[in-house]
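Listed here are the chains, written in short residue letters.
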Amino acid sequence: MSSNQTFTVHVNGAQPRAATTSLAGALPAHIGSTEDTAGMPADPSKRSRGDGALRVALLVSIDRNAPATPQDAPYDILAELDSEKTAWSYAAALLSRGYEVQAHEGNAHLPEWLSAFRPDICFNVCEGFVGESREAQVPGILEMMGLRYTGPGPLAAAVTQDKPTTQRILYYHGIRIPLFQVFESPDDTPRADFAYPLFVKPAHEGTGMGIRNNSIVRNERQLREQVAWTIESYRQPALVESYIEGRDITCGLVGNGDDVHFFPITEVDFSGYPPELAPIYGVQQKLDYADFYRNKCPAPLGEKLTADVRRLTHQVFKVTGCRDYGRVDFRLADDGTLYVLEINSLPGITPHSDLTLMAEAEGWTHADLVCAVLDAALKRYGMTEFSPVAVLNASRAG
Ligand SMILES: Nc1ncnc2c1ncn2[C@@H]1O[C@H](COP(=O)(O)OP(=O)(O)OP(=O)(O)O)[C@@H](O)[C@H]1O
Ligand SMILES: [Mg+2]
């Protein structure tokens, strides 16, 4: 982005362009009567590149805009949210391909603003602020308004936000996961087939929130203490799993259906962290000691395991209903068994995220990655003439 361009994340629904008169104006052509359709978003199937740049609404959850948190909230409570600087990096990537980009916070003013902006597509990276399905809130609004957007729909976003629900789906499909149990209370009876050590984490958080040395519990007293702390601090059930001793592996992809691109698989190298930190990729490693992060990318897995990780990643992506991009986290046990820990249906794509590092390991830039996600969505909607590649080729041609 050039220095004289301004970039604002709108938060209050302020009208970016000529306003439409009602919310009905934001509905697409196939919904509502003709009278309702005055101000509806441009129908991309009737649009050509000559009609102007593709209008992209960048939808973000900015840490500074988060509602006040309780005084006793844990320090990592906002860890999932983006800074304005990060939002800027997404905008810069999209602007670099010649798209028209405006940004808005993923809050209750969003429908009004979208009605006025009339985007061709939304680039949604909203983690949401509150609620057990917070990542599903903006996709729900966009689905209701009939708008096109990147990433998971509300169903997949809610399913993958909730780790126990994801685990149940994976179990149904015969995908190996750690033995698990949801604790609504520290007094719940642990399942009889659990063997220590166990691992305790919040049921629906990310970015290592609530995951630290104490997450590994070695007896019932520690289990109950950690479950109590997790429930109280994060106001949600605790997910307890068998602790899988082994290597931390993560695999990312962009695309849809069978047209997907796998990035090189990454293994976290725990040797760079202070020795008092347990070899888990929790919030201390992700935030407090972020500068100590080292990885192996591509992970030294050999051909068969690499193929297995990719096959499982793709399967998990499909059975959870994800779209456009995703990242699946695994533990590779010392006996060579692969366990799926979770899928990130809205994986971080900041300039420092795991997915970005994977992409960079094969020569992509951050902007390439952001545009590849948009490209996957454009293809999914049949809007290929607006894809970053087409735009680039057209500008080269003259
Ligand atoms: N059952 C388990 N056994 C061993 N280690 C685990 C287990 N579950 C989680 N971990 C450790 O904790 C880390 C974070 O777990 P998980 O991926 O579930 O959390 P997250 O906060 O959703 O992460 P992300 O930052 O990817 O959103 C894993 O990478 C792994 O190191
Ligand atoms: Mg993870």
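Parameters and conventions
Residues numbered from 1 in each chain as written. Chains lettered and ligands numbered in written order. Predicted model: local features only at pLDDT ≥ 70, side-chain atom pairs only at ≥ 80, totals over all residues. Helix = DSSP H or I, 4+ residues; strand = E, 2+ residues; numbered from the N terminus. Expected span 1.5 Å × (residues − 1). Buried ≥ 20, exposed ≤ 12 C-beta atoms within 10 Å, placed from the backbone. Near = placed C-beta within 6 Å. Pairing = 2+ DSSP bridges. pLDDT = per-residue confidence, 0-100. Contact = placed C-beta atoms within 7 Å. Axes fitted to C-alpha atoms, helices over the stretch in contact; angles between N-to-C directions. Parallel < 35°, antiparallel > 145°, perpendicular 65-115°, else oblique. Left-handed = near helix turned anticlockwise from the far one by under 90°. Nonpolar A, V, L, I, M, F, W, Y, C, P; charged D, E, K, R; others polar. Core = buried A, V, L, I, M, F, W, Y, C linked by C-beta atoms within 7 Å. Domains from an automatic or database assignment. Arc of directions from axis to C-beta.

Trainee: What am I meant to see in helix H10 (residues 366-380) here?
Mentor: Residues separated by three or four positions in an α-helix point in the same direction, a consequence of the helix having 3.6 residues per turn. Helix length check: H10, at 15 residues, gives a terminal C-alpha distance of 22 Å against a target of 21 Å (1.5 Å per residue), a fit within 8%. In terms of residue burial, H10 counts as a mostly covered element, since 11 of its 15 residues are buried. Of all the residues in H10, the buried ones are His366, Leu369, Val370, Cys371, Ala372, Val373, Leu374, Asp375, Ala376, Ala377 and Leu378. Trailing H10 by a residue or two, glycine 382 shows a phi angle of about 70°, which is positive.

Trainee: What is the right way to read the site of ligand 1 from this model?
Mentor: In the region of ligand 1, 21 residues are neighbours, and Gly206, Glu241, Ile244, Ile280 and Tyr281 sit closest. Breaking the shell around ligand 1 down by element, the ones donating at least two residues are strand E6 (198-202), strand E13 (324-333) and strand E14 (338-344).

Trainee: Explain the sheet that holds strand E1 (residues 9-10) here, please?
Mentor: Sheet strands pair by backbone hydrogen bonding; their relative direction is either parallel or antiparallel. Here we have four strands laid out as an open sheet, ordered E1-E3-E2-E4, and parallel in their pairing. With one partner strand each, in any of the chains shown, E1 and strand E4 (121-124) form the two edges of the open sheet. Across four bridges, strand E2 (residues 55-60) lies against E4 in parallel orientation. If you follow alanine 57 over to E4, its bridge partner there is cysteine 122.

Trainee: Help me out: how do you make sense of the confidence of the model for the chain in this one?
Mentor: Any segment with low pLDDT has predicted coordinates that should not be analysed in fine detail. Taken as a whole, the chain shows an average pLDDT of 87; of its residues, 86% reach a score of 70 or greater. Here residues 1-5 is modelled with pLDDT under 50, and outside its nearest four sequence neighbours on either side it reaches four contacts, counting other chains as well. Low pLDDT, under 50, characterises residues 17-42; the predicted model gives this stretch 44 contacts beyond four residues in sequence or across chains.

Trainee: What's the story with the packing of helix H9 (residues 354-361) against H10 in this structure? I'm lost.
Mentor: The description of two packed helices rests on the angle between their axes and on the distance between the axes. Two elements in contact, H9 and H10, have axes separated by 9 Å at closest approach and are oriented at 110°. Classed by the angle they form, the pair H9 and H10 counts as roughly perpendicular. Of the two elements, H9 crosses H10, and the hand of that crossing is right-handed. The segment H9 lies against H10, with Leu355, Thr356 and Ala359 engaging His366, Asp368 and Leu369. Tallied by class, the residues present in the contact of H9 with H10 amount to three nonpolar, two polar and one charged.

Trainee: Teacher, can you tell me more about the nonpolar core here?
Mentor: General note: in soluble globular proteins, nonpolar side chains tend to be found buried as a group. If you look at the biggest cluster of nonpolar residues, it comprises 89 residues, and the most contacted ones within it are Leu58, Leu94 and Val373. When residues in this core are grouped by element, the largest group, nine residues, is from H10. The two domains that each donate at least three residues to this core are domain 1 (9-151) and domain 2 (193-243). Dropping the residues within four chain positions of it, leucine 58 is found in contact with Ala87, Tyr90, Ala91, Leu94, Val101, Ala103 and Phe123.

Trainee: It is not clear to me how the sheet that holds E6 should be interpreted in this structure. Could you clarify?
Mentor: Read across the sheet, four strands follow the order E5-E8-E6-E7 without closing on themselves; strand pairing throughout is antiparallel. If you trace the sheet from one side to the other, it starts and ends with strand E5 (180-183) and strand E7 (216-217), each paired once. Lying on the sheet, helix H6 (residues 220-234) is in contact with E5, E6, E7 and strand E8 (238-242); it crosses E6 at an angle near 10°.

Trainee: Explanation requested: helix H8 (residues 302-319) in the structure shown.
Mentor: The terminal C-alpha atoms of H8 lie 26 Å apart, and with 18 residues this matches the ideal 26 Å at 1.5 Å per residue to within 8%. Within the sequence span of H8, burial applies to Val309, Thr313, Val316 and Phe317. All buried residues of H8 project into a common sector of 100° when viewed along the axis, lining one side. Turned more than 90 degrees away from the buried face of H8, the exposed residues are Glu303, Lys304, Ala307 and Arg311. The inward-facing, buried residues of H8 contact helix H5 (163-172), strand E9 (246-256), E13 and E14. Backbone geometry just after H8 places glycine 321 at a positive phi near 80°.

Trainee: When you look at the environment of threonine 356 in this model, what are you seeing that I'm missing?
Mentor: When you line up the elements, threonine 356 lands in helix H9. Classification of threonine 356 by C-beta neighbours within 10 Å gives buried; the count is 23. Through-space distance from the C-alpha of threonine 356 to that of histidine 366 is 6.1 Å; in sequence the pair is 10 residues apart. Contact partners of threonine 356, with chain neighbours within four places excluded, come to Ile349, Thr350, Pro351, His366 and Leu369.

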